[in-house]
Amino acid sequence: MTGSKDHDHDHDDESSDTHETAAVDGGTAAYGGPTIRSRPSHLRRNIELIGVALVGVLAAAMIGFIALDWLRRYPGADAFGPLEAVYSATGIDPAAGYLFDQFLIAGEWIDHFLGTEVFQYAFMWRNIATGVLVGVVAPLVGTYLVHRQMALIGETLAHTAFAGVAVGLLFVAVTGWQGSLLYVALVVSVIGALGVQWLTERTNSFGDVPIAIMLTGSFAVGTLLISWGRGFMSIGVDIEEFLFGSLSVVSASGSRLMAALTVGVVAIVAVTYKQLLFITFDEQAARVARLNVSAYNTLLVVMTAVVVVGAMQVLGVILVAGMLVIPVAAASQIAHSFRETLFLSILFGQLSILGGYTFALTQSLPSGGSIIVVAIGIYLAAIAVSDRSGAAISLH
Amino acid sequence: MTSVVDVRNVSFAYGDSLALEEVTLTVENGDFLGLIGPNGSGKTTLLHVMLGLLSPDSGSVRLFDQPIEEFEAGERIGYVSQKATDRGGTMPVTVRECVLMGRFAHVGHGRLNDEDHETVADALETVGIADLADQQMNQLSGGQRQRAYIARALASEADLLALDEPTVGVDAESRDEFYRLLDSLNRSGITIILIEHDIGVVTDRANRIACINTELYHHGDTESFVESEALSEAYGKTGEIVHHHH
């Protein structure tokens, strides 16, 4: 069990070790170790915190918009039982429809000042809201995925979701069901996630062979289902929009789905942050500490499946994994701690979304590709910055 | 004395190849057990069986007087694995974050409070890396990194420390310091199980020795091991002996 590999790690800087003698007793030894990345300054930490807080406010506002959009649809939302009670108690008109209209009026003002024709339309807001929420949850889940070296799982689950969309199309065409086919995609994707988890546990690692089989397999099934369905029924959906993402795919129910899953995923990560970190960093030690590693793995994979279905609306099946991976890769280049990685991932994710939308809207190009290109731009900038400050990890 | 680990007639095979055969041994409270054997002799497998990472094909294991299947008090065990089994090499995690993981089993899904942070600060102080708390794990030298893992075990207030070749790739001087630290922890009452290929280190430090090569060749105090033929018998089957004098 020992042997030649014993010496694989001899590159570790020896000069730092020689100073450890005094440390055992007093803990005050000076370490002449390798060039070490300095601690993040207070200023930088504060900027990050403010950034994350702003993203939080923006996301909350978007969830608020989606909620108003939903509530105003109820006939007589003004007379909605509990709302009516609030009205009679406080005298404040809680009518969702009224607030919703105010939102769009504000949008008209924004359009007026920016010279655009975007923010006055409810469907554009639904899009932007969905995108903003994708920019929060995709990097959030992605931070764990990337460092568990499970990045390909996201890609696989996106393809499973595509099979789900195909099943959903058939289901809607056959049954005349009124609900969003995203719900069908969600169910299929979660089943696919559990399948991936089952396969990888059988093969005892997140090996890429079962993943590759699952990835191509579900895509194959999806294309077969769609072609077969087209033979005898009319499918009134453009498949390309699901493949590459489009500004017109996001429906009211799709944005509601995104809002609900954002609240769910953020809450779950808030509660299980520590456990997910432990299994990501040192799975074996987490097992010894009697964490239910397999349950947390399943949780992570299912959350990924759910996020992927939501994010697929703006990014498309092919590109959705990019949002799970690229902001995290950029953040990992310059972050000093895991917590900072998480914060920066979300910041970079949000910048990619907003930048990508701006680019897509002004150039009339698809949103998915724009967002990913902006994200890669941020990634390259992060590499450049980390080189300049001498932060590259030197092993020599 | 109460037993910390109690292994009875344990056998374990990877497919057709037998790794452990009818191994029986007990680790008592306060022991410093050196677990030695040639390459591929089943040392790590035995340790994993003791910790519940692997289930034996036959035989039984008890941890802290509980059948291992029912053992839930994970915070009582600190585990320092062979180098490079964790993501410390690529993931931006600070030393403090790593040591805080020792508190996770205590707080569950709750929040870490000031006491938890104090415990972590104390643990960092004890192993002598308090000044490295905000460095990243991947910037530490091998010796410093292993100290961080020990600190994690201390932070979890473990009664049992299991180490699987902790000083692979660590230079000689830091290694001596590291073993001196283990000695002082053992004297403060922590039970230690140490896998180590350097037999000199084990006979110098451990008060009990288990020498295995699939079967158990010796289990007893260090003096009787040095006088016995167990070493050459176990190593005679395969491999060579690594023996440095200190």
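It should be emphasised that the depicted structure is a prediction, and the values quoted were computed from it without experimental measurement. One numbering rule holds for all chains: residues counted from 1, following each sequence as written. The lettering of chains begins at A and the numbering of ligands begins at 1, in the order of writing. Reporting in this predicted model follows two pLDDT cut-offs: at least 70 for local features of residues, and 80 or more for side-chain atom pairs to be given and counted; totals over whole chains, interfaces and linings ignore these cut-offs and use all residues.

> How should I be thinking about the overall build of chain A in this particular structure?
The way it works is that DSSP assigns letters per residue, a run of H or I at least four long becomes a helix, a run of E at least two long becomes a strand, and they are numbered from the N terminus. Helices and strands together make up the secondary structure of chain A, namely 16 helices and zero strands. Within chain A, the proportion of its 396 residues that are buried is 44%. Each residue is represented by a C-beta atom placed from its backbone, and any two residues with such atoms within 7 Å are regarded as in contact. The long-range fraction of contacts in chain A, counting pairs at least 24 apart against all pairs at least 6 apart in sequence, stands at 73%. Residue burial here comes from a neighbour count, namely the number of other C-beta atoms, placed from the backbone, that lie within 10 Å of the residue's own C-beta, with 20 or more meaning buried, 12 or fewer meaning exposed, and in between meaning partly exposed.

> What is the right way to read the overall build of chain B from this model?
Helix and strand counts for chain B stand at eight helices and ten strands. Projected onto its principal axes, the C-alpha positions of chain B cover 50 × 40 × 35 Å. Counting every position in chain B, which comprises 246 residues, the buried fraction comes to 55%.

> Before we go on, may I ask you to explain the pairing of strand β3 (residues 32–36) of chain B in this structure?
All names here are of chain B. In terms of residue burial, β3 counts as a mostly covered element, since five of its five residues are buried. Here β3 shows two buried faces, one formed by Phe32, Gly34 and Ile36 and the other by Leu33 and Leu35. Two strands are counted as paired when DSSP detects at least two bridges linking them. Pairing of β3 with strand β8 (residues 191–195), which is carried by four bridges, proceeds in the parallel orientation. Considered in β8, the bridge of glycine 34 is made with leucine 194. One ladder, built from four bridges, connects β3 with strand β9 (residues 208–213); its direction is parallel. Within β9, the residue paired with leucine 33 across the bridge is arginine 208.

> Explain the packing of helix α7 (residues 151–175) of chain A against helix α14 (residues 320–334) of chain A to me, please; I cannot follow it from the model alone.
Each packed pair of helices is defined by two parameters, the angle between the axes and the distance between the axes. All names here are of chain A. Running from amino to carboxyl end, α7 crosses α14 at an angle of 165 degrees, the nearest separation of the two axes being 8 Å. When the axis of α7 is compared with that of α14, the two are roughly antiparallel. Of the two elements, α7 crosses α14, and the hand of that crossing is right-handed. Each of Ala151, Gly154, Glu155 and Ala158 in α7 lies in contact with α14, whose residues at this interface are Val320, Ala321, Leu324 and Val325. Note on geometry: axes are C-alpha line fits, over the in-contact stretch for helices, and angles between N-to-C directions span 0 to 180 degrees. Should an angle fall under 35 degrees it is called roughly parallel, over 145 degrees roughly antiparallel, and 65 to 115 degrees roughly perpendicular, with every other angle called oblique. Here is the rule for handedness: rotate from the far helix to the near one, and if that takes an anticlockwise turn smaller than a right angle the crossing is left-handed, while a clockwise turn gives right-handed.

> Looking at this structure, I do not really get the sheet that holds strand β6 (residues 77–80) of chain B. What am I missing?
The pairing of strands in a sheet comes from backbone hydrogen bonds and takes either a parallel or an antiparallel form. Residues and elements named next belong to chain B. Across the sheet, which stays open at both edges, the six strands sit in the order β6-β7-β8-β3-β9-β10 with mixed pairing between neighbours. Strands with a single pairing partner mark the edges of an open sheet, and in this sheet they are β6 and β10 (215–221). Between one strand axis and the next, the sheet turns through 15 degrees on average, direction left out of account. Where helix α4 (residues 142–155) meets the sheet, it contacts β6 and β7 (160–164), and its direction lies at approximately 170 degrees from that of β6.

> Which parts of the structure should I look at to understand the confidence of the model for chain B?
Detailed conclusions should not be drawn from predicted coordinates in areas where pLDDT is low. For chain B, per-residue confidence averages 85 on the pLDDT scale, and residues scoring 70 or more make up 93% of the total. Scoring of the predicted complex yields 0.83 for pTM and 0.87 for ipTM. Confidence of the prediction at every residue is given by pLDDT, a number between 0 and 100.

> Even after reading the chapter, I still don't get helix α13 (residues 293–315) of chain A, so can you show me in this structure?
Given 3.6 residues per turn, any residue in an α-helix points the same way as the ones three and four places further on. Residues and elements named next belong to chain A. The span expected for a helix works out to 1.5 Å for each residue beyond the first. In this model, α13 (23 residues) spans 31 Å end to end at C-alpha, consistent with the 33 Å of a helix rising 1.5 Å per residue. Working definition for bend: take the seven residues up to and ending at a residue and the seven starting at it, fit an axis to each, and measure the angle between the axes. Of all bends in α13, the biggest is about 30 degrees, found at valine 309. Within two residues after α13, glycine 316 carries a phi angle of roughly 85 degrees, on the positive side.

> Can you walk me through the packing of helix α8 (residues 181–202) of chain A against α13 of chain A in this structure?
All names here are of chain A. Where α8 meets α13, the axes come as close as 9 Å, and the angle between the chain directions of the two elements is 145 degrees. The two elements α8 and α13 meet at a crossing, and its hand is right-handed. On the side of α8, the interface is formed by Leu182, Ala185, Leu186, Ser189, Val190, Gly192, Ala193, Val196, Gln197 and Glu201, while α13 contributes Ser294, Asn297, Thr298, Val301, Val302, Thr304, Ala305, Val306, Val308 and Val309. Three categories are distinguished: nonpolar for Ala, Val, Leu, Ile, Met, Phe, Trp, Tyr, Cys and Pro, charged for Asp, Glu, Lys and Arg, and polar for the others, with Gly belonging to the last. Its residues placed into classes, the contact of α8 with α13 shows twelve nonpolar, seven polar and one charged.

> Sorry, what's going on with unusual backbone geometry here?
Trans peptide bonds make up most of the peptide bonds, and negative phi angles are found at most residues other than glycine. All names here are of chain B. Unusually for a residue other than glycine, phenylalanine 64 sits at a positive phi of about 45 degrees. Mapped onto the fold, phenylalanine 64 is located in the loop between β4 (58–63) and β5 (66–67). Taking the C-beta count within 10 Å as the criterion, phenylalanine 64 has 18 such neighbours and is therefore assigned partly exposed. The phi angle at aspartate 65 is positive, at roughly 65 degrees, despite the residue not being glycine. Of note, aspartate 65 is situated in the loop between β4 and β5. By C-beta crowding, aspartate 65 is classed as exposed, having 10 other C-beta atoms within 10 Å.

> Would you explain the environment of threonine 119 of chain B in this entry?
Residue and element names in this part refer to chain B. Structurally, the position occupied by threonine 119 is in helix α3 (residues 114–127). Taking the C-beta count within 10 Å as the criterion, threonine 119 has 20 such neighbours and is therefore assigned buried. The contact partners of threonine 119, leaving out residues within four places of it in the chain, are Arg103 and Ala155.

> Sorry, what's going on with the sheet that holds strand β2 (residues 17–28) of chain B here?
Residues and elements named next belong to chain B. What the four strands build is an open sheet, ordered β2-β1-β4-β5; its pairing is antiparallel. In this open sheet, the two strands that pair with only one neighbour each are β2 and β5. Two strands pair when backbone bridges link them, and strand β1 (residues 3–14) and β4 are joined in this way by five bridges, in the antiparallel orientation. Residue pairing for β4: valine 7 is matched across the bridge by valine 61.

> Can you walk me through the pairing of β2 of chain B in this structure?
Remark: a regular strand shows side chains that alternate across the two faces of the sheet. All names here are of chain B. Across eight bridges, β1 lies against β2 in antiparallel orientation. Bridge pairing in β2 links aspartate 6 to threonine 26. The antiparallel pairing of β1 with β2 creates a hairpin that spans two residues between the two strands, and glycine 15 there sits at a positive phi of about 60 degrees.

> Got a minute to help me understand the environment of serine 386 of chain A in this structure?
Mapping serine 386 of chain A onto the fold places it in helix α16 (residues 367–388). In the structure, serine 386 of chain A is positioned 323 residues away from isoleucine 63 of chain A in sequence and 35 Å away in space, judged by C-alpha atoms.

> What is the right way to look at the confidence of the model for chain A in this model?
Residues and elements named next belong to chain A. When pLDDT is averaged across chain A, the result is 80; 78% of the residues are at 70 or more. Below a pLDDT of 50 lies the segment residues 1–37, which in the model reaches 75 contacts outside its immediate sequence neighbourhood of four places, other chains included. Note that residues 388–396 has pLDDT below 50 and, in this model, eleven contacts with residues that lie over four places away or in other chains.

> Before we go on, may I ask you to explain the environment of isoleucine 383 of chain A in this structure?
Counting through the fold element by element, isoleucine 383 of chain A comes out in helix α16. Considering only alpha carbons, one finds isoleucine 383 of chain A and alanine 330 of chain A, 53 residues apart in sequence, at a separation of 7.2 Å.

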